[in-house]
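Below are the chains, spelled out letter by letter.
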Amino acid sequence: VVAWVTDPDYEDALPPEGTSGVKSMSLGWTHTLLVTTAGTVLAYGQEAEECETDDRYTVPEFSHRVTAVAAGRCHSLALLETGDVVCFGDEEWCED
């Protein structure tokens, strides 16, 4: 993954150095999700005052491989290989 910023205040928006093996990505409001070829998820980005917590960067341990992700404003969704969808991040946005 190659990314750049023109303003040093946004260096948190860059992927972790050495990130590789990425098969897809999703851009949220101020965060990015990457799905690796191994079926894992990486998350990184800027803090957002509007979100109750910054849990959108805390990726849970999934019971199966992740095939796709969608990054939202303060939450994210992961599609597992089983067809199940898992919501993570700001719990207010993940309510049923």
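Please read all numbers here as calculations on a predicted model, not as lab measurements. (Residues numbered from 1 in each chain as written. Predicted model: local features only at pLDDT ≥ 70, side-chain atom pairs only at ≥ 80, totals over all residues. Heavy atoms only, no water.)

A few points about the sheet that holds strand S5 (residues 75-80)
The strand order across the open sheet built from three strands is S4-S5-S6, with neighbouring strands paired in antiparallel fashion. The open sheet terminates on both sides in strands that have one partner only, identified here as strand S4 (66-71) and strand S6 (85-89). Ignoring which end each strand starts from, the neighbouring axes of this sheet average 25° apart. (Pairing = 2+ DSSP bridges. Helix = DSSP H or I, 4+ residues; strand = E, 2+ residues; numbered from the N terminus. Axes fitted to C-alpha atoms, helices over the stretch in contact; angles between N-to-C directions.)

Here we look at the nonpolar core
Core analysis: the largest hydrophobic core is formed by 10 residues, namely Leu 33, Val 35, Val 41, Ala 43, Val 66, Val 69, Ala 71, Ala 78, Leu 80 and Phe 88. Only strand S2 (31-36), strand S3 (41-45), S4 and S5 provide two or more residues apiece to this core. Top element by residues in this core is S4. It accounts for three residues. (Core = buried A, V, L, I, M, F, W, Y, C linked by side-chain atoms within 4.5 Å. Buried < 20%, exposed > 50% of the residue type's maximum accessible area, 1.4 Å probe, protein only.)

Details of the pairing of strand S1 (residues 22-27)
In this sheet, S2 lies alongside S1 in antiparallel orientation, the contact comprising five bridges. For Met 25, the partnering residue across the bridge sits in S2 and is Leu 34. Two successive antiparallel strands, S1 and S2, enclose a turn made up of three residues.

Taken by themselves, the reported measurements are silent on function.
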